[in-house]
Amino acid sequence: MYELRNYMDDDSSKVNELALLSFEQFKEHYDDWNSFSNAIKKFSELSKVAEIVIATNPENAIIGAVAYVPPHVKKADFFPLNTPIIRMLVVDPSYRGLGIGKALSLECIDLAGRDGCKSIALHTSSIMDIALSMYLRMGFVKHSEAPEIFGVKYNVFSKEIA
């Protein structure tokens with residue numbers, strides 16, 4: 001069981017810890033894990049440009065998070081222009097398989113609809129096979145290639161929304 005809520009400033013350290021915990025399984029894939037992990041540990045800084053949605057368990061512990069970057073915020077050039085994006089979907093490994101990642105993604109899609117957008121985008125890698133298969137089942141399709149991040153290939157995926 002989990003609930004979704006908006007990020008609050010005092011969530012910062014827990015969200016950053018969760019991001020690092022969520023990505024640790026991929027550390028052998030990155031050429032420079034130290035640099036990559038230092039960036040991951042700053043997840044909460046996305047709150048300056050994005051809406052962060054949190055998933056909590058019944059004890060109010062943070063077990064998932066995602067950043068929704070609205071269409072008007074400047075993004076990397078490889079994303080479609082004026083399209084909102086899903087960034088840094090993270091779920092505590094001990095809570096995976098319960099639909100939390102999908103619920104957080106659907107919340108971002110709802111936020112894009114609220115903003116009057118016709119599509120939403122994200123970037124991910126084939127090493128993140130569980131997340132990638134979830135996105136494909138949700139109707140995301142490959143849009144383009146994205147630059148490598150510390151030796152890991154990424155692609156941009158987008159989804160049309162009603």
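For the structure, check the block above.
Described below are features of the structure shown in this document.

A few points about the overall build of the protein
Part 1 of the argument: When its secondary structure is counted, the protein shows four helices and seven strands.
Part 2 of the argument: Traced from its N-terminal end to its C-terminal end, the protein shows the element sequence β-α-α-β-β-β-α-β-α-β-β.
Part 3 of the argument: The C-alpha atoms of the protein give a radius of gyration of 15 Å, which matches the 15 Å a tight globule of 162 residues would have.
Part 4 of the argument: Seen through its principal axes, the protein has C-alpha atoms that stretch 35 × 35 × 30 Å.
Part 5 of the argument: For the protein, the proportion of its 162 residues judged to be buried stands at 49%.

Observations concerning the nonpolar core
Part 1 of the argument: With 32 residues, the main nonpolar core has Phe23, Tyr30, Phe43, Ile52, Met88 and Val90 as its most contacted residues.
Part 2 of the argument: Contributing elements (two or more residues each) for this core: helix H1 (12-23), helix H2 (33-40), strand E2 (51-56), strand E3 (62-69), strand E4 (85-91) and strand E7 (152-160).
Part 3 of the argument: With five residues, H1 is the single largest residue contributor to this core.
Part 4 of the argument: Excluding anything up to four places from it in sequence, Tyr30 contacts Phe36, Ile127, Met128, Ile149, Phe150, Val152 and Tyr154.
Part 5 of the argument: With 24 residues, the next largest nonpolar core counts Ala55, Ile100, Leu111 and Ile120 among its residues.

So, helix H3 (residues 100-114)
Part 1 of the argument: Over its 15 residues, H3 runs 21 Å from end to end, which matches the ideal 21 Å to within 8%, given 1.5 Å per residue.
Part 2 of the argument: Buried residues of H3: Ile100, Gly101, Ala103, Leu104, Ser105, Cys108, Ile109, Leu111 and Ala112, and no others.

A word on the packing of H1 against H2
Part 1 of the argument: Here H1 crosses H2 at 140 degrees, and the two axes come no closer than 9 Å. Judged by residue contacts, Ala19, Leu20 and Phe23 of H1 engage Trp33, Phe36, Ser37 and Ile40 from H2.
Part 2 of the argument: Taken together, the residues that form the contact of H1 with H2 break down as six nonpolar, one polar and no charged.

Examining the side chain of Thr124
Part 1 of the argument: Counting through the fold element by element, Thr124 comes out in strand E5 (residues 119-124).
Part 2 of the argument: Apart from the residues within four sequence positions on either side, Thr124 is in contact with Leu132, Tyr135, Lys153, Tyr154, Asn155 and Phe157.

Conventions and cut-offs
- Residues numbered from 1 in each chain as written.
- Predicted model: local features only at pLDDT ≥ 70, side-chain atom pairs only at ≥ 80, totals over all residues.
- Heavy atoms only, no water.
- Helix = DSSP H or I, 4+ residues; strand = E, 2+ residues; numbered from the N terminus.
- Rg over C-alpha atoms; globule rule 2.2 N^0.38 Å.
- Buried < 20%, exposed > 50% of the residue type's maximum accessible area, 1.4 Å probe, protein only.
- Core = buried A, V, L, I, M, F, W, Y, C linked by side-chain atoms within 4.5 Å.
- Contact = heavy atoms within 4.5 Å.
- Expected span 1.5 Å × (residues − 1).
- Axes fitted to C-alpha atoms, helices over the stretch in contact; angles between N-to-C directions.
- Nonpolar A, V, L, I, M, F, W, Y, C, P; charged D, E, K, R; others polar.

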